[in-house]
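Chain residues, written in single-letter form:
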Amino acid sequence: MRCRKCGAKASINLPEHRLACCKTHYLEWIPEQTERFIQKYHMFTHENRILLAVSGGKDSLALWDVLWQLGYSVDGLYINLGIDGGVGYSSQSQRCAQQFADTRGLNLIVSNIPEEHGITIPELASRSARGKERPCAICGIVKRHVMNQVTTSNGYSIIATGHNLDDEAAVLFGNTLVWDGEQIVRQSPVLPAKPGMARKVKPFCRFYERETAAYTLLRGIEYVYDECPHAVGNRSNEIKTLLNQMEADKPGVKLTFYLSFLQAKKNGLFQETNASTMDLHPCPTCGQLSVHEGTCTFCRLFETH
Ligand code: Q46
Ligand code: ZN
Ligand code: ZN
């Protein structure tokens, strides 16, 4: 297999794009495509200050590297959730994120949940009825809250995340299985800003996980290899396994599924419901806007502690 651009031996074959690339041209292709997606979906410009949620995993570090190379103004936010899982998951991932930032002279903001609130996510989940079987639900609430709080108090206009095509296709598939209309309507490469909430963007939403993984590897980026122990066997991973089986039989099926959805949305097949334009109320404890009146879900979680 030869690189389509220079004819040298290819390092990666991308059948769904009918493309093979050598290392040099692959490392150019990913930033070029990312820039194309940023423009296509009107995500942000060089004038915006961007906050990137960094987990220490391959996708968020690859995205930070690409945006940095493209000259965007991006700071990272790492949230230490106090997850150990026998592998020191949180401390390992924080180390990778910090090392990445330090070697490039980038700014990493760290929020440490156990230090700031005296409780880890697994402990918090085991004490709440909602999180007993699903620490990820609690974790999601905490991460969203911290991201919003850091964004608004530091004047960022954009929140970026490293979600890739495998993530997006799995979310869409899961929501379609139960026809969760509200979530389906909301899914997009760009979520517009709302009062008290910055615009959210996913510049890697059209890259397969293996494409971002290959980029991280070829760029020599050190990332946390272990998955969060709570990801094992969760719903999203089950759906990913199913979609991977389909993809193996028919390369490109995930990309088609996701892009056809975006096209259908553009054609007006899905409409926003009243629920997505509901009134928001400031939480009396933290001030963040929430759909509920009174104390927000995040503050209530920590109140019971
Ligand atoms: S970190 Fe948190 Fe994930 Fe771990 S507890 Fe679940 S949601 S799996 S992206
Ligand atoms: Zn080449
Ligand atoms: Zn609150």
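Here, every reference points to the structure presented above.
Per chain, residue numbering runs from 1 following the sequence as it is written. Note on labels: chains are lettered from A, ligands numbered from 1, in written order. At least 70 in pLDDT is required for a residue's local features to be given in this predicted model, at least 80 for side-chain atom pairs to be given and counted, and no such filter applies to totals for whole chains, interfaces and linings, which use all residues. Working from all heavy atoms in the structure, the side-chain values ignore hydrogens and water.

Enquirer: How should I be thinking about the side chain of Asn 175 in this particular structure?
Expert: A run of H or I in DSSP counts as a helix once it spans at least four residues, and a run of E counts as a strand once it spans at least two, with each numbered from the N terminus. Here Asn 175 shows up in helix H7 (residues 165-177). On the basis of relative accessible area, Asn 175 is assigned to the buried category, the value being 14%. Any two residues whose heavy atoms approach within 4.5 Å at even a single point are treated as in contact. With sequence-adjacent residues up to four places away left out, Asn 175 is seen in contact with Asp 180, Gln 183, Ile 184 and Gln 187. The classification of residues rests on relative accessible area computed with a 1.4 Å probe and restricted to protein chains. Under 20% of the type maximum is buried, over 50% is exposed, and intermediate values are partly exposed.

Enquirer: Before we go on, may I ask you to explain the coordination of the zinc ion (ligand 3) in this structure?
Expert: Put simply, a metal with four donors set out as a tetrahedron has ideal angles of 109.5 degrees, and one with six donors set out as an octahedron has ideal angles of 90 or 180 degrees. Bound to the zinc ion (ligand 3) on the protein side are Cys 283 (SG), Cys 286 (SG), Cys 296 (SG) and Cys 299 (SG), at distances that span 2.3 to 2.4 Å. Every donor counted, the four donor atoms about the zinc ion (ligand 3) form angles of 105 to 113° at the centre, which fits tetrahedral coordination. All donors to the zinc ion (ligand 3) come from one chain, and their sequence spacing reads C-x2-C-x9-C-x2-C. In this pair, Cys 283 sits in the loop between strand S9 (281-282) and strand S10 (289-290) while Cys 296 sits in the loop between S10 and helix H12 (297-303), placing the two residues 13 residues apart along the sequence. Of the residues examined, Cys 296 reaches a relative accessible area of 6% and is grouped as buried. Only N, O and S atoms count as donors, using a 2.8 Å limit from the metal and a wider 3.2 Å limit for Na, K and Ca, and since water is excluded some coordination spheres may look unfilled. Angular criteria define each label, namely tetrahedral for four donors with all angles between 85 and 135 degrees, square planar for four and octahedral for six donors with opposite donors over 155 degrees apart and remaining angles between 65 and 115, and irregular for whatever fails these tests.

Enquirer: Got a minute to help me understand the packing of helix H1 (residues 23-40) against helix H9 (residues 209-218) in this structure?
Expert: As a rule, the C-alpha atoms of each element are fitted with a line to give its axis, helices using only the stretch in contact, and angles between N-to-C directions run from 0 to 180 degrees. Where H1 meets H9, the axes come as close as 10 Å, and the angle between the chain directions of the two elements is 125°. Of the possible angle classes, the one that applies to H1 and H9 is oblique. Helix-helix and strand crossings are classified by hand; for H1 and H9 the assignment is left-handed. Facing H1, whose interface residues are Lys 23, Tyr 26, Leu 27, Trp 29, Ile 30 and Pro 31, H9 presents Glu 211, Thr 212, Ala 214, Tyr 215 and Leu 218. Lys, Arg, Asp and Glu make up the charged group, whereas Ala, Val, Leu, Ile, Met, Phe, Trp, Tyr, Cys and Pro make up the nonpolar group; the residues left over, Gly among them, are polar. Per-class residue counts for the contact of H1 with H9 are eight nonpolar, one polar and two charged. Convention used here: angles under 35 degrees read as roughly parallel, angles over 145 as roughly antiparallel, angles from 65 to 115 as roughly perpendicular, and any remaining angle as oblique. Crossing handedness is read from the near helix: turned anticlockwise from the far helix by less than a right angle, it gives a left-handed crossing, and turned clockwise, a right-handed one.

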